[in-house]
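# Notes for the structure review
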Number of protein chains: 4
Amino acid sequence: MSAPERLHGAFRLTSGRVEAFSDGVFAIAVTLLILNVQLPSSTAPGALPAALLHLWPSYATYAASFLTIGIMWLNHHGLFSRLARVDRWLAMLNLVLLMVIAFVPFPTAVLGSHIQAPADATAAGVFYSITMLLVAFGFSGVFVYVARHPELRAHGYATADFMSAGPWFLVGTLAYAACIPLAYLSPPLVVLVVAAVAVYYVFDRLPGPAQ
Amino acid sequence: MSAPERLHGAFRLTSGRVEAFSDGVFAIAVTLLILNVQLPSSTAPGALPAALLHLWPSYATYAASFLTIGIMWLNHHGLFSRLARVDRWLAMLNLVLLMVIAFVPFPTAVLGSHIQAPADATAAGVFYSITMLLVAFGFSGVFVYVARHPELRAHGYATADFMSAGPWFLVGTLAYAACIPLAYLSPPLVVLVVAAVAVYYVFDRLPGPAQ
Amino acid sequence: MSAPERLHGAFRLTSGRVEAFSDGVFAIAVTLLILNVQLPSSTAPGALPAALLHLWPSYATYAASFLTIGIMWLNHHGLFSRLARVDRWLAMLNLVLLMVIAFVPFPTAVLGSHIQAPADATAAGVFYSITMLLVAFGFSGVFVYVARHPELRAHGYATADFMSAGPWFLVGTLAYAACIPLAYLSPPLVVLVVAAVAVYYVFDRLPGPAQ
Amino acid sequence: MSAPERLHGAFRLTSGRVEAFSDGVFAIAVTLLILNVQLPSSTAPGALPAALLHLWPSYATYAASFLTIGIMWLNHHGLFSRLARVDRWLAMLNLVLLMVIAFVPFPTAVLGSHIQAPADATAAGVFYSITMLLVAFGFSGVFVYVARHPELRAHGYATADFMSAGPWFLVGTLAYAACIPLAYLSPPLVVLVVAAVAVYYVFDRLPGPAQ
């Protein structure tokens with residue numbers, strides 16, 4: 001083994017460490033969402049109850065984004081638990097996914113603060129939907145790479161199994177794409193659809209005793 | 001085993017990984033609390049000591065929320081250490097609990113900044129109390145699900161033991177519920193009661209040598 | 001074993017899990033410090049270089065607090081690696097320590113933004129020094145409890161060894177206490193002393209090959 | 001073994017724990033970057049799409065800094081996986097590296113918000129480049145220390161291998177240094193170069209099957 005090869009060997013990545021870093025980013029992104037739920041800098045005396053109620057879009061987008069990232073973490077964990085090792089390309093694709101996940105708090109804040117502004121609600125909804133679509137693309141990138149590289153996987157997991165799971169992942173991608181035109185009809189519906197997609201990804205996985 | 005079943009098997013969750021993600025959210029939520037302790041954007045020269053003292057409600061709500069989340073983490077850890085595995089429903093219930101925990105910094109900030117405003121202190125206290133009640137419901141959801149699913153637990157833990165712990169959990173739930181009317185009498189008392197409930201949940205667990 | 005006892009047994013804490021949660025709080029507190037380094041909301045065109053230089057107190061307090069928390073983490077890790085288990089009282093004392101650690105970003109921000117304000121620099125320095133003193137008390141609380149409870153420690157660590165380390169911990173406590181009057185003479189010196197104490201706690205531990 | 005020596009033995013650091021703390025700081029620093037992507041506090045009705053597009057420099061600096069920190073994490077992980085233990089000097093050098101990494105969100109925000117301001121873009125670019133250079137110095141400090149202390153490394157890793165990797169690390173350092181004059185020509189090019197250096201550090205490590 002040449003010196004550079006030995007060095008590369010040293011830089012081999014265990015799936016456990018990549019998961020730990022990813023878990024950190026998922027957990028932080030989800031917890032930072034609350035920083036965007038904020039009262040106006042000053043409210044009239046006695047106006048607090050109204051101001052708190054008026055924030056309902058921020059609560060709704062908080063919940064939709066929290067569930068989306070949280071449940072994607074669940075599936076990310078499920079995917080990586082099938083891996084025996086991680087190569088540099090997969091690490092790079094995973095980093096791109098994390099970069100989009102960590103971006104989610106910004107469009108969440110934008111949608112929460114503009115969904116009641118008639119002139120801007122649609123733009124905020126489109127921005128949010130595009131971000132969710134990028135999240136789906138990011139997850140698909142990781143998924144497809146794992147499906148195509150059996151040498152990274154723990155034994156006993158056939159490529160065919162992975163391919164048969166493809167349609168499941170397509171559901172979310174298509175739903176997020178459909179949210180873009182939906183934002184022209186009703187921005188609040190976008191929030192509902194995103195939350196529904198999140199819940200779908202928990203419960204679609206419950207059918208058998210193998211669970 | 002069919003392909004979907006094998007895939008579901010791959011998505012089986014270990015309690016260790018769910019705990020690690022939960023630990024992250026608890027630790028971040030608790031540390032973000034400090035971001036809501038802030039000086040007014042400008043103070044007159046020489047007015048800093050008064051401004052720092054004037055922030056006492058923010059310090060008090062910081063402590064009450066920190067202890068509440070920190071000690072709930074302790075009990076969350078205790079509960080999950082009894083588990084052998086986690087299914088999707090439990091993961092979902094846990095995610096809902098984390099969603100409420102991560103929300104706590106917002107009502108904490110609202111209470112800290114309005115407890116001295118006569119017209120709004122009660123509303124802030126009620127909002128804080130309702131959030132704490134939701135936290136208690138979130139924890140109860142996880143607890144009851146674990147109590148009802150012996151197949152998820154490590155061996156040696158009988159359902160009867162879990163059920164007998166029910167009253168302990170009820171104490172906090174009732175105390176938080178009582179904080180809602182208490183907020184009409186005295187919002188600062190709400191902070192005290194919440195902190196006292198947190199401390200109660202540490203020390204009620206110390207009686208025997210089994211500890 | 002009665003039902004409550006078995007439950008208590010289940011709630012036994014491993015030092016590993018408490019360390020993991022503590023690590024999270026230390027790592028987050030240290031990373032949040034940067035959020036308090038901020039430019040004035042608007043600067044004149046071309047004034048950016050001056051504005052960046054003008055922030056030197058924020059850089060200095062950032063470094064002092066980062067090193068203090070980072071090196072306290074080092075010693076916290078060293079202390080907990082001697083433990084075989086953690087009881088509820090120790091968990092509570094540790095939580096109080098973490099509560100003070102997580103508070104540090106606030107006085108750091110206050111000192112960074114007021115150290116150049118003649119009328120308020122001393123007050124900011126005193127506030128920062130008191131916080132550091134509380135951090136030292138928090139660490140001492142954990143340390144003394146561990147020293148007095150040999151049953152929590154891994155075998156081979158005698159109480160006498162712990163007691164002989166007492167003076168080391170006293171150095172920091174006394175230095176932080178001395179910072180309070182020092183803030184009346186020179187607030188920037190407070191920052192230097194705090195940074196020096198941090199560095200002291202790394203390098204005092206290097207003498208022997210046992211390291 | 002004297003009492004102080006036994007105590008020092010207790011304070012021995014495992015590379016695993018130092019990695020865990022470092023992972024936390026890397027993951028948090030990378031996720032905090034999004035907090036600096038912010039809309040102006042108020043926009044005219046209907047102006048949201050323009051405002052979102054106008055933020056492109058913030059998106060670009062977000063991506064460049066995210067990739068830089070994320071890929072440095074990858075290499076940090078690779079480096080520490082070669083270690084059997086960590087001494088206090090290495091812990092200190094690592095803490096200095098983390099202190100610079102955690103600082104990155106600030107110059108990232110400054111560059112994102114000033115790259116379109118003709119009078120200040122160069123200063124912002126220089127500030128960002130200097131920070132990246134400090135990051136490179138921080139990583140080099142850790143790397144050189146590990147290269148010079150074979151007793152810290154896991155068996156089978158020769159010093160010659162480490163030394164032969166030196167030029168790889170020099171590439172980034174020189175590129176960041178070149179960004180300082182580049183900021184006088186074109187601040188946006190600085191962002192591109194920084195992102196390119198990050199990607200270089202992923203893919204330069206892929207040549208052999210040992211990966």
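Residues numbered from 1 in each chain as written. Chains lettered and ligands numbered in written order. Predicted model: local features only at pLDDT ≥ 70, side-chain atom pairs only at ≥ 80, totals over all residues.

## What about the overall build of chain A?
We apply this condition: Only DSSP runs of H or I with at least four residues qualify as helices, and only runs of E with at least two residues qualify as strands; both kinds are numbered from the N terminus onward. Any residue with 12 or fewer other C-beta atoms within 10 Å of its own C-beta is exposed, any with 20 or more is buried, and the rest are partly exposed; the C-beta atoms used are placed from the backbone. Note that contacts rest on C-beta atoms placed from the backbone: two residues are in contact if these are within 7 Å.
Looking only at helices and strands, one finds 10 helices and zero strands in chain A. A total of 211 residues make up chain A; the buried ones form 51% of that total. In chain A, 80% of the contacts between residues at least 6 apart in sequence involve partners at least 24 apart.

## Structural notes on the environment of serine 140 of chain A
Residue and element names in this part refer to chain A. Turning to its location among the elements, serine 140 is positioned in helix α7 (residues 121–148). For serine 140, a count of 17 C-beta atoms within 10 Å gives the class partly exposed. In the structure, serine 140 is positioned 43 residues away from leucine 97 in sequence and 9.1 Å away in space, judged by C-alpha atoms. In this view, serine 140 contacts Phe169 and Thr173; residues no more than four positions away in its chain are not counted.

## So, helix α5 (residues 88–101) of chain B
Helical geometry note: an α-helix holds 3.6 residues per turn, so side chains three or four residues apart project in the same direction. All names here are of chain B. Filter applied, for reference: To estimate the expected span of a helix, subtract one from its residue number and multiply by 1.5 Å.
Helix length check: α5, at 14 residues, gives a terminal C-alpha distance of 20 Å against a target of 20 Å (1.5 Å per residue), a fit within 8%. Buried residues dominate α5, accounting for 12 of its 14 residues. Residues Arg88, Leu90, Ala91, Met92, Leu93, Asn94, Leu95, Leu97, Leu98, Met99, Val100 and Ile101 constitute the buried set of α5.

## What to know about the packing of helix α2 (residues 15–32) of chain A against helix α5 (residues 88–101) of chain A
All names here are of chain A. Spelled out, the test is: Each axis is a line fitted through C-alpha atoms, taken for helices only over the stretch in contact, and angles between the N-to-C directions span 0 to 180 degrees. What sets the label is the angle itself: under 35 degrees gives roughly parallel, over 145 gives roughly antiparallel, 65 to 115 gives roughly perpendicular, and the rest give oblique. Residues are sorted three ways: Asp, Glu, Lys and Arg are charged, Ala, Val, Leu, Ile, Met, Phe, Trp, Tyr, Cys and Pro are nonpolar, and all the rest, Gly among them, are polar.
Close contact between α2 and α5 brings their axes to 10 Å; oriented N to C, the two are set at 10°. By the angle between their directions, the pair α2 and α5 is classed as roughly parallel. Within the contact between the two elements, α2 uses Val18, Ser22, Val25, Phe26 and Ala29 and α5 uses Ala91, Asn94, Leu98 and Ile101. Tallied by class, the residues present in the contact of α2 with α5 amount to seven nonpolar, two polar and no charged.

## Some points on the nonpolar core
Worth spelling out the cut-off: One nonpolar core equals one set of buried Ala, Val, Leu, Ile, Met, Phe, Trp, Tyr and Cys residues connected by C-beta atoms within 7 Å.
Formed by 273 residues in total, the largest nonpolar core has its most connected members in Ile101 of chain A, Ile101 of chain B, Ile101 of chain C together with Ile101 of chain D. Not counting residues up to four positions away in its chain, the partners in contact with isoleucine 101 of chain D are Val25, Phe26, Ala29, Ile69 and Val135 of chain D.

## As for the confidence of the model for chain A
Residues and elements named next belong to chain A. Condition: For every residue, the predictor states its confidence as a pLDDT score lying anywhere from 0 to 100.
For chain A, the mean per-residue pLDDT works out to 84, and 86% of the residues sit at or above 70. Contacts of residues 1–11 to residues separated by more than four positions or lying in other chains number 22 contacts, the stretch itself having pLDDT below 50. Low confidence marks residues 206–211, where pLDDT is under 50. Its contacts with residues over four positions away, or in another chain, come to 12 contacts. Scoring the predicted complex yields pTM 0.89 and, for the interface, ipTM 0.87.

## Some details on helix α9 (residues 166–185) of chain C
Residue and element names in this part refer to chain C. In plain terms, the rule: What is called the bend at a residue is the angle between a pair of axes, fitted to the seven residues leading up to and ending at it and to the seven starting from it.
With 20 residues, α9 should cover 28 Å at 1.5 Å per step; its first-to-last C-alpha distance of 30 Å lies within 8% of that length. Where α9 bends most, the angle comes to about 35°, and this point is cysteine 179, followed within four residues by the proline proline 181. For α9, the complete set of buried residues consists of Gly172, Tyr176, Cys179 and Ala183.

## Digging into the packing of helix α7 (residues 121–148) of chain D against helix α9 (residues 166–185) of chain D
Residues and elements named next belong to chain D. Which entries qualify depends on this criterion: In this scheme, a crossing is called left-handed if the near helix is turned counterclockwise away from the far one by less than a right angle; it is called right-handed if the turn is clockwise.
Their axes nearest at 8 Å, the elements α7 and α9 cross at an angle of 165°. Regarding the angle of α7 to α9, the classification is roughly antiparallel. The two elements α7 and α9 meet at a crossing, and its hand is left-handed. Residues Thr122, Gly125, Val126, Ser129, Ile130, Met132, Leu133, Ala136, Ser140 and Phe143 of α7 form the contact with α9, whose own contacting residues are Phe169, Gly172, Thr173, Tyr176, Ala177, Cys179, Ile180, Ala183 and Tyr184. Grouping the constituent residues of the contact of α7 with α9 by class yields 13 nonpolar, six polar and no charged.

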